[in-house]
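# Close look at the chain arrangement
If you want the building blocks of each chain, they are given just below.
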Amino acid sequence: MDSILVTGGNELSGQIPIAGAKNACLTLMPATLLSDEPLTLTNAPRLSDIKTMTELLQSLGAEVTSLQDGKVLAMSSHNISNHTADYDIVRKMRASILVLGPMLARDGHAVVSLPGGCAIGARPVDLHLKGLEALGAELELKDGYIHAKAPGGLKGGIVNFPLVSVGATENVLMAATLAKGTTVINNAAREPEIVDLADCLRRMGAQIDGDGTSTITIQGVERLHGATHPVVTDRIELGTNMLAPAICGGEVELLGGRIDLVAAFCEKLDAAGILVEETDKGLKVARRNGRIRAVDVITEPFPGFPTDLQAQMMALLCTAEGTSVLEERIFENRFMHAPELIRMGAQIEVHGGMATVTGVDRLKGAPVMATDLRASVSLILAGLAAEGETVVSRVYHLDRGYEHVVGKLSSVGAKIERIKGQ
Ligand code: UD1
C-alpha cells in the first residue's frame, strides 16, 4: 500500500489550481438517470470516488465516458437495463445512495444496497427514505437492500426534514423534478453543491426555486432533456490548500477560489492571523508575522464552518498560541485524526464532540495513519509544519477526494512525495 512522505519546514509560494467539487460531481452524475438525453459535466475532478460512481452508473446500464483526461464526463442513460445498485459497489462509497431518487423517479422502481463510506459515525439514510416516502415511494428494507417502488409514479409532496442533510436534500430534489405536482422541501441543506445540482437540473429543464435557502420548491415536469454543466469549485479542496501556506508560512494563490464558498472558514482564518485576499484569479493566502492565534470552531451546516474542514483546521491550531476548542456538531465520531496528531506532539483532549487543542511551538514528524478522507489530509498539513519526516499510511482515503495532492503541494515548494508500496 502506498504512503506519503512529508518533510516539514519549507515556506510555500506559487499557485495551486482548485478542481471541481467531488461532492457536487457525485450528485450531478446520478442526475444523468433523470433523462434519456446526454448529460455532460465539465470541470470534473479526477478522483477514485468519481471512478466508483462511474462504475455504479455503468452497472445500471448508463454510458459514462471520461474525456480530456477525466475533466469531462459524457454520460447517457437512454438504456437503463438494471435497477439494482449492488452492495459490492455501494459499500465503497456512501454517495451511491444518490442513485435511488433518480431511478425511482425515472422508472418507478429501484433496489439499492445500504451504503458504507467513511467511518465517521453511524450515518443512517433514514432521512433519504422519509423524504422519498413523502413523494409516494413504497419502501422495504430486506437483506441489506432498500427495495423502492412507486407504481403510479412519484407525486409531489411536503418534505419536512428534522435535521439538515445534504444527501437527503439532493436525493429528494432529483426525484421531485419528475414527480407529478409540486414538492416543497423544508429545512433543506443550503450547501453550494445543492445550488450547483439545482443549476444543472434547471439546464435540463427542471423547475426549481429557493435552492440556497432552507425551503426549496420543485414543480415536477414530464421529462428532462440533455445539458452540459460545469462542476462548481471544490470548497473543501480550496480550504485545505488555503491552510498549507497558513501552516507553513509564505504566500499561495488558489486559482478558482471564491470567498462565498468558504466565508465562515475565512472568518476563522482571519481570527487566527491569516491574511486572505481576493484576486482576479481566485484567493491569495499568506501568514501574518508571528504565531497563529487560537480560535474556537463549531461545525455546522452551510453557511456555517464545514465539518469537512474541521480536521485540517485542527492541524493548524496544533501550533497556535493558546487553547482552541473545536466542537463537532455534524458527525459524532470525527476526531479520529486527534490521536494521530498527538503522535506528532500535539496537545489535544477529546471529550465526546469537543476537542481542546493547546498549541505547541512545533510538531514533530512521526509515522501516522489516515483514518478517513479529511483526516488523511490534516496529517499531511501537520507534516508540512512538523520538524523532520512524517509518513502517512493508508493513503487510499486521500485518493478518494484530493486530486494530485502531492503534485499540487510540491509545485508550491512543499517537500512531499508518494512512496509506492509493495
Ligand atoms: C455530505 C458530504 C460530506 C459532508 C456532509 C456534511 C457528499 C458526498 N458528502 O455527506 O462530505 O461531510 O455532507 O456536510 O456530499 N443523517 C441522518 N439521516 C440521514 C442522513 C443524514 O441522521 O438519512 C445525519 C448524518 O448522520 C449526519 C447529518 O445528518 O449526522 C448530516 O449528514 P448529511 O448532510 O446527510 O451528510 P452526507 O450527505 O452523507
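First, a word on what this report is: a plain description of the structure on this page. (Residues numbered from 1 in each chain as written. Predicted model: local features only at pLDDT ≥ 70, side-chain atom pairs only at ≥ 80, totals over all residues. Heavy atoms only, no water.)

Our next topic: the sheet that holds strand 8 (residues 138–142). Within the open sheet, the four strands sit side by side as 6-7-9-8. Their pairing is mixed. Looking at strand neighbours, the two that pair on one side only are strand 6 (84–85) and strand 8, the edges of this open sheet. Judged from the two bridges that link them, strand 6 and strand 7 (residues 109–113) form a sheet pairing that is parallel. Each bridged residue has a counterpart across the sheet, and for Ala85 the counterpart in strand 7 is Val112. (Pairing = 2+ DSSP bridges. Helix = DSSP H or I, 4+ residues; strand = E, 2+ residues; numbered from the N terminus.)

As a packed pair, helix 8 (residues 235–248) and helix 12 (residues 373–385) sit with axes 9 Å apart at the nearest point and diverge in direction by 20°. Relative to helix 12, the element helix 8 lies roughly parallel. Crossing angle aside, the handedness with which helix 8 passes helix 12 is right-handed. Contact residues: Ile236, Thr240, Leu243, Ala244, Ile247 and Cys248 in helix 8; Arg374, Val377, Leu381, Leu384 and Ala385 in helix 12. (Axes fitted to C-alpha atoms, helices over the stretch in contact; angles between N-to-C directions. Parallel < 35°, antiparallel > 145°, perpendicular 65-115°, else oblique. Left-handed = near helix turned anticlockwise from the far one by under 90°. Contact = heavy atoms within 4.5 Å.)

With that settled, consider the site of the ligand. Among the 19 residues in the neighbourhood of the ligand, the closest are listed as Asp126, Leu127, Ser165, Asp308 and Ile330. Backbone polar atom of Pro124 to an oxygen atom of the ligand: 3.2 Å apart, as the coordinates give it. Across the complex, the protein chains shield 86% of the 740 Å² of accessible surface that the ligand would expose by itself. For the shell around the ligand, the secondary-structure elements that each account for two or more residues are helix 5 (126–133) and helix 6 (166–176). For the shell around the ligand, the element with the most residues is helix 5, which contributes three residues. A per-class count over the shell around the ligand returns nine nonpolar, five polar and five charged. (Near = heavy atom within 4 Å. Polar contact = N/O pair within 3.5 Å; in protein donor to acceptor, adjacent residues only side chain to side chain. Areas by Shrake-Rupley, 256 points an atom, 1.4 Å probe, with all protein chains shown as cover. Nonpolar A, V, L, I, M, F, W, Y, C, P; charged D, E, K, R; others polar.)

A word on the nonpolar core. Met29, Val99, Leu173 and Leu201 are the most contacted members of the largest nonpolar core, which has 76 residues in total. The element best represented in this core is helix 6, accounting for six residues. Apart from residues no more than four positions distant in its own chain, Leu201 is found in contact with Ala31, Leu34, Leu173, Met174, Thr177, Ala206, Ile208 and Leu224. Ranked by size, the runner-up nonpolar core spans 68 residues in total, among them Leu254, Ile292, Cys318 and Leu373. (Core = buried A, V, L, I, M, F, W, Y, C linked by side-chain atoms within 4.5 Å. Buried < 20%, exposed > 50% of the residue type's maximum accessible area, 1.4 Å probe, protein only.)

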